[in-house]
Amino acid sequence: MMEPTTKVRLGRTDLEIPRLGFGAAPLGGLLRETSERDAVEAVQSALASGLSHFDTAPQYGGGMSERRLGSVLRQVDRKRIIVSTKVGKIVHLRSDAPTQSVGFVGAPAHDIEYDYSYDGVRRSLDASLERLSLDHVDIVFIHDVNRKYHGSRVYERLEEALAGACKALTDLREQGVIKAFGAATKDLDIASAFVERADVDCAMLPARLTLLDRTGADELLPRCVERSISVLAAAPFDSGILVSGVIEGATYDYQPAPEPVIAQVAAIEALCARFRIPIAAAALQFPLRHAAVASVVAGMRSGKEVRQNLDSMRMSIDEGFWVKLQQLKMDFPTNY
């Protein structure tokens, strides 16, 4: 059992974040459309339940996530909440195309400009603050310096971010404009480079410390412990299959789950059944067992999902389950 509203210190900063963070990608229509009503209800339910960290990004629905999140948060005592957003992707809305029907469903038509430069950080943050209707954010993550988006140019982008974005965010932190920054990427070598070469406070690690993929614990997380850098483990459900289990249409890495993943999830589900726990509870609590992890950040689309995640965090799980889980062989290839 883990109390989701318990707060822990973020790295070497004075910030304290709850063990469960509100991931706002679904507010931008991730994978399927989210109604305005559901989005507002989700944020209001999280606030009423005592959750206080809200994570978003310009990319999420072409700014729609930030706008929806801000419509509720701007009415709240700013001292009660911690808001994080991301830089590196600047949104340009277009009026000459229909709304999106894949990726972020229902989002306005838009293009993404990648910019990890010093000035790009300033432009991105200014636009985010306007969409959020807030005067500041607390944490900023450098978003998706990875092979998925940059291919063979990933190291070029890394150097751009180290020289530009990291310098800009260090300056903003020293000026008191933000309180912490780090990188958000699932490419472990790139995440390690930020940890080793920049004065980051934290790292957001999507889908690399889950029931299915524990590779983040091999080298990156021990480095973070050594440097007092807090990890925020994101995407604990691997885009859906670790909530739904093995069902038709289950998604992994935002695509239909391949057979090796389905087989592994089936084995985990069988173990969960033995211990009479839902797979979602194990998925949410697993990352927090590592000393480097301050928080698990899970996407929430509605008030119902907020309540389900709170219940999953508070569920008691026998230590024997974790022992047996470690004995399961993880032998399918990771998607990078």
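Look up a bit, the structure's there.
Residues numbered from 1 in each chain as written. Predicted model: local features only at pLDDT ≥ 70, side-chain atom pairs only at ≥ 80, totals over all residues. Heavy atoms only, no water.

1. Some remarks on the nonpolar core
Counting 90 residues, the largest nonpolar core has F22, I142 and F194 as its most contacted members. For this core, the element with the highest residue contribution is helix α5 (residues 154–174), accounting for 9 residues. The contacts of F22, once residues within four sequence positions are left out, are L27, A42, V43, A46, H53, F54, D55, V297, A298, M300 and V306. Membership of the second largest hydrophobic core comes to 14 residues, among which are I17, A180, C202 and V297. (Core = buried A, V, L, I, M, F, W, Y, C linked by side-chain atoms within 4.5 Å. Buried < 20%, exposed > 50% of the residue type's maximum accessible area, 1.4 Å probe, protein only. Helix = DSSP H or I, 4+ residues; strand = E, 2+ residues; numbered from the N terminus. Contact = heavy atoms within 4.5 Å.)

2. What to know about the pairing of strand β9 (residues 180–184)
Counting buried residues along β9, 5 of its 5 residues qualify, which places the element largely inside the surrounding structure. Alignment of strand β8 (residues 139–143) against β9, held across 5 bridges, turns out to be parallel. By the bridge assignment, V140 is partnered in β9 with F181. Sheet analysis places β9 next to strand β10 (residues 202–206), joined by 3 bridges and oriented parallel. By the bridge assignment, A183 is partnered in β10 with A203. Taking the sense of rotation as the criterion, the β-α-β connection linking β9, helix α6 (residues 188–197) and β10 turns out right-handed. (Pairing = 2+ DSSP bridges. Right-handed = clockwise from strand over helix to strand, strands pointing away.)

3. Some points on the packing of aromatic side chains
To describe a pair of aromatic rings, one takes the distance between the centres and the angle between the planes. Counted by the stated rule, this structure contains 6 aromatic pairs. Centroid distance F275 to F321: 5.8 Å. Interplanar angle 80°. Geometry classified as edge-to-face. Separated by 46 residues along the polypeptide, F275 in helix α9 (residues 259–275) and F321 in helix α12 (residues 319–327) bring together distant segments of the chain. Note on F321 and W322: the rings are 5.0 Å apart at their centroids and 75° apart in plane angle, and the pair reads as edge-to-face. Taken together, the ring pairs connect F275, F286, F321 and W322 into an aromatic cluster. (Phe/Tyr/Trp six-rings, centres within 6.5 Å; stacked < 30°, edge-to-face > 60°.)

4. Details of the packing of helix α3 (residues 118–132) against α5
Where α3 meets α5, the axes come as close as 7 Å, and the angle between the chain directions of the two elements is 60°. On the basis of the axis angle, α3 is oblique to α5. In the packing of α3 onto α5, the handedness of the crossing is right-handed. From α3, Y118, V121, R122 and L125 reach across to α5, where they touch G164, A165, K167, A168, L169, D171 and L172. Tallied by class, residues from the contact of α3 with α5 come to 7 nonpolar, 1 polar and 3 charged. (Axes fitted to C-alpha atoms, helices over the stretch in contact; angles between N-to-C directions. Parallel < 35°, antiparallel > 145°, perpendicular 65-115°, else oblique. Left-handed = near helix turned anticlockwise from the far one by under 90°. Nonpolar A, V, L, I, M, F, W, Y, C, P; charged D, E, K, R; others polar.)

By themselves, these are just geometric observations and shouldn't be taken as functional.
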